[in-house]
Amino acid sequence: MVHERHSDFIVVGSGIAGLCFALEAAASGKVTILTKKEDFESNTNYAQGGIACVASAEDSFEDHVRDTLIAGAGICHEEVVRTLVREGPDLVRQLIDWGVRFTTTPKSSADSPLGSLELYDLGREGGHSHRRILHSKDLTGREVERALLKCLREHSNVTFLEHHLALDLITEGKSPNKRCSGVHALDAPALEVKVFRAPIVVLATGGIGRIYQHTTNPPIATGDGIAMAWRAGLPVANLEFVQFHPTAFYNATGGETFLISEAVRGEGAILRRLGGESFMELYDERGCLAPRDIVARAIDTEMKRHGESHVLLDCSNMSEEFFSERFPAIRELCVRHGVHPPLEPIPVVPAAHYSCGGVVTDSVGRTALAGLYVVGETAFTGVHGANRLASNSLLEALVFSHRAAQSAMKAEPSPPTPIPEIPEWFQRFDPTMELEGVRVEHCTHEVRTLMWDYVGIVRSTERLKLAAERLEILLKEAEGYFERGWVTEGVALLRNIVQTSWIVVQSALRRRESRGLHTTLDYPETRPEEAHDTVLTPPDGV
Ligand code: FAD
Ligand code: SIN
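Note that this is a predicted model, so its numbers are computed, not measured.

(A) Geometry of the overall build of the protein chain. Along the backbone of the protein chain there are 14 helices and 22 strands. Over its C-alpha atoms, taken along the principal directions, the protein chain stretches across nearly 65 × 60 × 50 Å. Buried residues in the protein chain amount to 61% of all 542 residues. For the protein chain, contacts bridging at least 24 residues in sequence account for 73% of all contacts bridging at least 6. Put simply, the protein chain shows about 21300 Å² of open surface, and 52% of that area lies on carbon and sulfur atoms. The positive charge centre, built from 55 side chains, and the negative charge centre, built from 74, are 1 Å apart in the protein chain.

Have a look at this one:
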């Protein structure tokens, strides 16, 4: 018998976007949260720098808007940026009400007005004209997850299902009346595909970093929401703008890396070549605090020009005491890898970090498919343009998940609809079926190295075309496994990373210029006639 569960809202993903949506929606109905690993596991959990918002008398909404638009290289949607910036501080206060403890400053006093954000220590990162980043030392994301999960665990309207991997959206009807009414998900421990139905489904599945070989993202970031939405016929936008963070730890063994927050440069650390020369002033007058696209490209150029495997982040301007107090987690990770900042410089390289593009949504997170909302890093709202300003991502997730929840709670009840069609793979699903696990592993590895080598910081049309050809073959292979009923976590992941990679490549091929995070040797200039979004719609799209 097929396991089927009904609720008022299904939320896929337990990062900041999914959890904030769930917390608000739970006030008006039953919420089921599906998440593919443990509840805290998400990009959110690893956020270091913090949440940007106007929080001091010296700062202003106009300045935050201007910094965001400048970083976005001419194609941010200004009205949406204004919404983000204006609504940010109240929603950050709401996070504090929900129990998030940001680092306070010793200067804060009992005289500070209640609810004042001036109590808090404000960090600085690239592209910001003021200190405006609230943080919990360098463990901001972990603190956000802790507080939100605590609230949700205590909520009687919320059911949390860990180790449930959403596979595909359930849709009913034909365009233009097509609507989303649930998801199929693999209950991994039980090896069972289950049906979850609700009139409102929210995709909050986070980023795509794991389509690349080197990334700051944890293993969950495989572009699942983008691939699922694409298969359901939804348009996606601006996926060529993959943000490479300039400073991931350079692991000489080739093993996993981790982020060295831009806040370290915000406190005065300097990027240097292996010989000790600083170089950022050759590229931008803002030096090490230029927006990320500029810094990552500069490091890439320096490494190539001098044949060096990495550059150094010199933190010697900071005392040991200050560094340990402000960046305890970074320090601990570095020490574990044999580097002792601030006494020793940290070896760093750029790594895939963030997707500025995503599934096209309106100003309240709605998509072209009735009943489906998309929030957080999976969504394209228009905020980031061609390059995201540091620490605007948690803010975007916060603001737009709130707007989505408010909209979803007011949504008209969905009309009665016929029972959705059962996909063929679901009928054939056989958890006992043997699969060539090694082949799936090899394909996954191949996609990631291909994306790193051919679709990295600096691109060319020839390489993008080669990548597209190979990805099309791999996509057929992954879809083939799925259609034969070989539905395992490994196959589902492969199918999603290939699909998402293919979309990134197609988006990159469409953009005939270099702008923000997209640099191509064939079109080195920024061209005014290309100052628009790259929107891709699947064949038979809604
Ligand atoms: P996530 O937090 O990634 O959550 C996605 C959730 O979906 C996870 O729970 C995941 O398990 C689940 N999921 C995915 N696929 C499925 C599926 N198929 N089925 C079920 N569940 C699924 N931004 C800032 O603004 N400030 C920072 O300081 C900052 N630091 C960062 C540091 C690091 C190391 C990284 C990687 C990112 C950082 N970012 C930062 C970016 C920011 O953290 C993310 O963009 C943001 O947290 C995304 O939130 P989200 O809720 O959209 O997704
Ligand atoms: C960082 O701390 O450098 C990451 C901030 C971000 O991704 O916005």
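(B) Looking closely at the pairing of strand β8 (residues 164-172). With respect to burial, β8 is a largely interior element, eight of its nine residues being buried. One ladder, built from eight bridges, connects β8 with strand β9 (residues 179-187); its direction is antiparallel. Bridge pairing in β9 places aspartate 168 opposite histidine 184. Between β8 and β9, which pair antiparallel in sequence order, lie six residues; one of them, glycine 173, sits at a positive phi of approximately 75°.

(C) Quick peek at the environment of alanine 492. Note on placement: alanine 492 falls in helix α14 (residues 489-510). When its relative accessible area of 4% is taken as the criterion, alanine 492 is described as buried. Sequence spacing of alanine 492 and proline 528 is 36 residues, and the spatial spacing of their C-alpha atoms is 40 Å. Other than its neighbours up to four places away in sequence, alanine 492 contacts Leu165, Leu167 and Phe482.

(D) Examining the sheet that holds strand β10 (residues 192-197) more closely. As summarised here, the arrangement of the four strands in space is β1-β10-β9-β8, forming an open sheet in which the pairing is mixed. In this open sheet, the two strands that pair with only one neighbour each are β1 (4-6) and β8. Looking at each pair of strands side by side, their axes are set apart by 25° on average, direction ignored. Of the strands in this sheet, β8 and β9 touch α14, which is tilted by about 60° from β8.

(E) Here's a closer look at the sheet that holds strand β4 (residues 51-52). If you walk across this open sheet you meet the three strands as β4-β6-β5, and the pairing is antiparallel. The sheet is open, and its two borders are formed by β4 and β5 (122-123), each paired with just one other strand. As paired elements, β5 and strand β6 (residues 133-134) share two bridges and run antiparallel to each other. For leucine 122, the partnering residue across the bridge sits in β6 and is leucine 134.

(F) Fine view of helix α9 (residues 328-336). Taken residue by residue, α9 has Ala329, Ile330 and Cys334 as its buried positions. Buried residues in α9, looked at end-on, bunch into an arc of 130°, giving them a common side. Summarising the contacts, the buried residues of α9 are in contact with β13 (242-249), α6 (262-266), α8 (320-326) and β16 (346-355).

(G) Structural view of the site of ligand 2. Taken together, Gln48, Gly49, Glu125, His245, Leu259, Ser261, Glu262, Arg292, His353, Arg388, Ala390 and Ser391 are the residues near ligand 2. Note that an oxygen atom of ligand 2 is positioned 2.8 Å from one of the side-chain N or O atoms of histidine 245. A distance of 2.7 Å separates an oxygen atom of ligand 2 from a polar side-chain atom of arginine 388. When ligand 2 is considered free in solution it has 250 Å² of accessible area, and contact with the protein chains removes 92% of it. For the shell around ligand 2, a count of residues per class yields two nonpolar, six polar and four charged.

(H) Representation of helix α1 (residues 16-25) in the model. The buried fraction of α1 amounts to ten of the ten residues, a majority that puts the element mostly inside the structure. Taken residue by residue, α1 has Ile16, Ala17, Gly18, Leu19, Cys20, Phe21, Ala22, Leu23, Glu24 and Ala25 as its buried positions.

(I) Summary view of the pairing of β10. When you tally the buried positions in β10, you get five out of six residues, the bulk of the element. Summarising the sheet, β1 and β10 pair through three bridges and their orientation is parallel. Bridging from a neighbouring strand, histidine 6 pairs with arginine 197 of β10. Pairing analysis gives six bridges linking β9 to β10, with the strands arranged antiparallel. If you follow valine 183 over to β10, its bridge partner there is phenylalanine 196. What sits between β9 and β10 in their antiparallel hairpin is a turn of four residues, with leucine 191 showing a positive phi close to 50°.

(J) Local environment of the environment of leucine 398. For leucine 398, the position within the fold is in helix α10 (residues 393-410). Measuring from C-alpha to C-alpha, the distance between leucine 398 and valine 193 comes to 31 Å, with 205 residues separating the pair along the chain. Ignoring sequence-local partners within four residues, the contact set of leucine 398 consists of Ile16, Cys20, Leu91, Val92 and Leu95.

(K) A look at the packing of aromatic side chains. A full pass over the atoms with the stated rule returns twelve aromatic pairs. Arranged with centres 5.4 Å apart and planes meeting at 75°, the rings of tyrosine 212 and phenylalanine 244 form a pair that is edge-to-face. Of this pair, tyrosine 212 sits in the loop between β11 (200-203) and α5 (224-231) while phenylalanine 244 sits in strand β13, placing them 32 residues apart in sequence. In terms of burial, tyrosine 212 and phenylalanine 244 fall into one category: buried. Ring centres 5.3 Å apart and planes at 55° place the aromatic pair phenylalanine 323 and phenylalanine 327 in the tilted group. Chaining the aromatic ring pairs together yields one cluster made of Tyr212, Phe244 and Trp452. One cation-aromatic arrangement involves arginine 463 over tyrosine 454; the distance from NZ or CZ to the ring centre is 5.3 Å. Taking the ring centre of tryptophan 486 as reference, the NZ or CZ of arginine 484 above it sits at 4.9 Å.

(L) Representation of the site of ligand 1 in the model. Near ligand 1, the surroundings consist of 39 residues, among which Thr44, Gly50, Asp224, Glu377 and Ser393 are the closest. The contact in question runs from a nitrogen atom of ligand 1 to an N or O atom on the side chain of aspartate 224, over 2.7 Å. Here a nitrogen atom of ligand 1 sits 3.4 Å away from a polar atom, N or O, in the side chain of serine 391. In isolation ligand 1 offers 1000 Å² of accessible surface; the protein chains occlude 98% of this area. Those elements that place two or more of their residues in the shell around ligand 1 are α1, β8, α5, β16 and α10. Ranked by residues supplied to the shell around ligand 1, first place goes to β8 with three residues. Residues belonging to the shell around ligand 1 are distributed by class as follows: 14 nonpolar, 20 polar and five charged.

Each value, and the rule that gives it
Residues numbered from 1 in each chain as written. Chains lettered and ligands numbered in written order. Predicted model: local features only at pLDDT ≥ 70, side-chain atom pairs only at ≥ 80, totals over all residues. Heavy atoms only, no water. Helix = DSSP H or I, 4+ residues; strand = E, 2+ residues; numbered from the N terminus. Buried < 20%, exposed > 50% of the residue type's maximum accessible area, 1.4 Å probe, protein only. Contact = heavy atoms within 4.5 Å. Areas by Shrake-Rupley, 256 points an atom, 1.4 Å probe, with all protein chains shown as cover. Lys, Arg positive; Asp, Glu negative; His and termini not counted. Charge placed at Lys NZ, Arg CZ, Asp CG, Glu CD. Pairing = 2+ DSSP bridges. Axes fitted to C-alpha atoms, helices over the stretch in contact; angles between N-to-C directions. Arc of directions from axis to C-beta. Near = heavy atom within 4 Å. Polar contact = N/O pair within 3.5 Å; in protein donor to acceptor, adjacent residues only side chain to side chain. Nonpolar A, V, L, I, M, F, W, Y, C, P; charged D, E, K, R; others polar. Phe/Tyr/Trp six-rings, centres within 6.5 Å; stacked < 30°, edge-to-face > 60°. Lys NZ or Arg CZ within 6 Å of the ring centre and 35° of its normal.

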